[in-house]
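Architecture at a glance
The primary structure of each chain is shown beneath.
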Amino acid sequence: MNVFTRTRTAKVLGGIALVGASALVLAGCSGGGGSEAAAPSASSGGGATSTADGTFHVGTILPATGNLAFLGPPEVAGVKLAIKDIEATGGDFPFKTELTERDSGDTTTDIATQSATELVDAGADVVIGAASSGVSFTFVDQLVNAGVVQISPANTSPDFTTYADDGYYWRTAPSDVLQGRVLGNLMTGDGAANIGIIYINDPYGIGLKDNATKAVEAAGGEVSVAVPYNPGDTVFTSQVDQLLAAKPDAVAVIAFEETSSIIPQLVSTQGYPASKVYFVDGNLSNSYEFPAGTLQGAKGTLPGNPADTTFQDRLKEVDPALTDFSYAPESYDAVIVAALAAAQAKDDSGTAIRDNLQSVSEDGEKCTTFADCLKLINAGTDIDYDGVSGPITFDGNGDPTEAYIGIYQYGADNKYTLLNTEFGSLNE
């Protein structure tokens, strides 16, 4: 077996090549946040070594409350569907399964840190979450020091790439080095030269803003104004006024649920055309309660391979009320790849899962379902799992090296539909 024990080290990402309908080619990428927000706390990187107990115990720290609560249902459904598929293999999977769900809240609360403590105490081997990068930074050290693997389906902050986590932190969503470049190229490709950005002042917002700005400038455009707001803000009059004073050709709204307050001020009150507004994964939602036509023409980016109708139908069997499917594929794949790592190691501990995650994602025989991959593992075959969210293929930092970015557009009903999908490779 191609088993790999990873110790995370700092590295600089090289160019990004995007292959899709628009045949974009992007280069000169670098990660990291800015000085606008406090840096994430340093980790000792001294993760503990955990032990097996015969139970593949999955915990979740996903948003039931807070400013990303709309992402919780599809993510939880993805996790539960994965558990269902694992259990369907019966005795071929050598461990019992257990799922413990906890809330993440957002960065205005300490719900996530309490949830992490409870999951460590409960003996979780792997934790799926959080959705918010800022929230994950509040508890990642707890999991590292307990020898528990963390796999986020939605963290996109570039700061995680070089975070000192002793190999216990992974993600199935790509860094915003990729989404930021797609966003910047989307706006300039639509003809915008003078761009404004309003963004949440946290690692997620800063990372996306920085990388979108680099793409805009590389294409010959200019970000003439970038206005931050802080988590917990509820009034955005001054930020919108500052934004529009620069007379931007396009406005990127890098936000979470605060979008429900920003858009009425920007579009309804100030009359800015929705067709010149661009969303991101943190606010691309079908659940806004705006008057018909408010969002018509607005576009947005969302990392991940769109959930096809077959996968959506399977998710609805788990949660019939689902209307958004954002990050459901990534949540599903996070559980599946962890289970495959445990099966390959014949050990359900967090440490064994950590040491086998990269191996099951690359260089072996291709397989696309848990059942098929498990049969190969049980036959002694090295595997390469390609999931519903994409090829996965982790690098030495626990980041996907390849990923899809979907580009969507809102209609008159304030619902978004897929325009096209770009495939990106993060070249180290």
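Residues numbered from 1 in each chain as written. Predicted model: local features only at pLDDT ≥ 70, side-chain atom pairs only at ≥ 80, totals over all residues. Heavy atoms only, no water.

**Regarding the nonpolar core**
Heads up, the rule is: To qualify as a nonpolar core, a set must consist of buried Ala, Val, Leu, Ile, Met, Phe, Trp, Tyr and Cys residues joined through side-chain atoms within 4.5 Å. Exposure classes here rest on a 1.4 Å probe applied to the protein chains alone. A residue is buried below 20% of its type maximum, exposed above 50%, and partly exposed in between. We call two residues in contact when some of their heavy atoms are within 4.5 Å.
Residues Leu266 and Val277 are the most contacted members of the largest nonpolar core, which totals 60 residues. Excluding residues within four positions of it along the chain, valine 277 makes contact with Val251, Val253, Ile263, Leu266, Val267, Tyr272, Ala298 and Lys299. Counting 53 residues, the second largest nonpolar core, distinct from the first, contains Phe325, Val335, Val360 and Ile392.

**Quick word on the sheet that holds strand β5 (residues 126–129)**
Worth spelling out the cut-off: If DSSP finds at least two bridges between two strands, the strands pair. For the purposes of this entry, the term helix denotes a DSSP run of H or I that reaches at least four residues, the term strand denotes a run of E that reaches at least two, and both are numbered from the N terminus. Between the N-to-C directions of two axes lies an angle of 0 to 180 degrees, each axis being a line fitted to C-alpha atoms and, for a helix, fitted only over the stretch in contact.
Read across the sheet, 5 strands follow the order β4-β3-β5-β6-β7 without closing on themselves; strand pairing throughout is parallel. Edge positions in the open sheet fall to β4 (96–103) and β7 (169–171), since each of these has one partner strand only. Looking at each pair of strands side by side, their axes are set apart by 20° on average, direction ignored. Pairing of strand β3 (residues 55–62) with β5, which is carried by 4 bridges, proceeds in the parallel orientation. Along β5, the bridge assignment pairs isoleucine 61 with glycine 129. In the packing of helix α10 (residues 350–360) onto the sheet, the strands contacted are β3, β6 (149–152) and β7, and the crossing angle to β6 comes to about 50°.

**Section: the side chain of aspartate 202**
Rule in force here: Charge convention: Lys and Arg are scored as positive, Asp and Glu as negative, and His as well as the terminal groups of each chain are ignored. Whenever a carboxyl oxygen of Asp or Glu lies within 4 Å of a side-chain nitrogen of Lys or Arg, that contact is scored as a salt bridge. Counting of polar contacts relies on pairs of N or O atoms within 3.5 Å, with two restrictions inside protein: one atom must be capable of donating a hydrogen and the other of accepting it, and residues adjacent in sequence are counted only when both atoms are side-chain atoms.
Mapped onto the elements, aspartate 202 comes out in the loop between β8 (194–200) and α5 (203–218). Comment: no salt bridge for buried aspartate 202; closest opposite-charge side chain is lysine 209, at 11 Å. For aspartate 202, the side chain forms a polar contact with the main-chain nitrogen of glycine 205, separated by 2.8 Å.

**A short note on the packing of aromatic side chains**
What counts is decided by this rule: Geometry of aromatic contacts follows a simple scheme: Phe, Tyr and Trp rings, the Trp one being its six-membered ring, pair when their centres are within 6.5 Å, and the pair is stacked under 30 degrees between planes, edge-to-face over 60, tilted otherwise.
Scanning the entire structure with this criterion turns up 17 aromatic pairs. Grouped by ring-pair contacts, the aromatic residues Phe279, Tyr288, Phe290, Tyr408, Tyr410 and Tyr416 constitute a single cluster.

**Considering the pairing of β6**
Across a regular strand the side chains alternate sides, sitting on one face of the sheet and then on the other. For clarity, the threshold we go by: Handedness rule for crossovers: strands pointing away from the viewer, path from the first strand over the helix to the second running clockwise, crossover right-handed.
Of the two faces of β6, the one lined by Val149 and Ile151 and the one lined by Gln150 and Ser152 are each fully buried. In this region the chain leaves β5, passes through helix α3 (residues 133–146) and returns to the parallel neighbour β6; the handedness of that crossover is right-handed. Examined bridge by bridge, β6 and β7 share 3 bridges and lie parallel to one another. Bridged to serine 152 within β7 is arginine 171.

**Remarks on the environment of aspartate 324**
Position of aspartate 324 among the secondary structure elements: in the loop between α8 (309–318) and α9 (328–345). C-alpha separation for the pair aspartate 324 and phenylalanine 70, spaced 254 residues apart in sequence, amounts to 7.8 Å. Beyond its immediate stretch of four places on either side in the chain, aspartate 324 contacts Phe70, Pro74, Ser285, Asn286, Ser287 and Tyr416. A polar contact is formed between the side chain of aspartate 324 and the backbone nitrogen of asparagine 286, at a distance of 3.2 Å.

**Looking at the pattern of salt bridges**
If you walk through the whole model with that rule in mind, you get 11 salt bridges. Between arginine 354 and aspartate 166 there is a salt bridge whose closest N-O contact spans 3.3 Å. Here the residue arginine 354 occupies a position in helix α10, and aspartate 166 occupies one in the loop between β6 and β7, the gap between them amounting to 188 residues. The shortest N-O distance in the salt bridge between aspartate 386 and lysine 366 comes to 3.1 Å. Of this pair, aspartate 386 sits in the loop between β14 (383–385) and β15 (402–410) while lysine 366 sits in strand β13 (residues 365–367), and the two are 20 residues apart along the sequence. Since its relative accessible area comes to 19%, aspartate 386 is described here as buried. Lysine 366 gets classed as exposed once you look at its relative accessible area, which sits at 52%.

**Structural notes on the packing of α8 against α9**
Axes are the key here: two packed helices are described by the angle between their axes and the distance separating the axes. Heads up, the rule is: Note that the term roughly parallel is reserved for angles under 35 degrees, roughly antiparallel for angles over 145, roughly perpendicular for angles of 65 to 115, and oblique for everything else. Any residue outside Ala, Val, Leu, Ile, Met, Phe, Trp, Tyr, Cys, Pro, Asp, Glu, Lys and Arg is labelled polar, Gly included; the first ten of those are nonpolar and the last four are charged.
Packing of α8 against α9 brings their axes to within 11 Å, and their N-to-C directions diverge by 75°. Viewed along their axes, α8 and α9 adopt a mutual orientation that is roughly perpendicular. The segment α8 lies against α9, with Phe311, Arg314 and Leu315 engaging Ala328, Pro329 and Tyr332. For the contact of α8 with α9, a count of residues per class yields 5 nonpolar, no polar and 1 charged.

**Structural notes on helix α2 (residues 111–122)**
For clarity, the cut-off: Multiplying one less than the number of residues by 1.5 Å gives the expected span of a helix.
For α2, with 12 residues, the first-to-last C-alpha span of 16 Å sits near the 16 Å given by 1.5 Å per residue. In this structure, the buried side of α2 is in contact with β3, β4, β5 and α3. The first or second residue beyond α2 is glycine 123, which carries a positive phi of 90°.

**Comments concerning α9**
In a regular helix each residue adds 1.5 Å, so 18 residues correspond to 26 Å; α9 covers 26 Å between its end C-alpha atoms and thus fits that length. For α9, the buried fraction is high: 17 of the 18 residues fall into the buried class. One or two positions beyond α9, positive phi appears at lysine 346, with a value near 55°.

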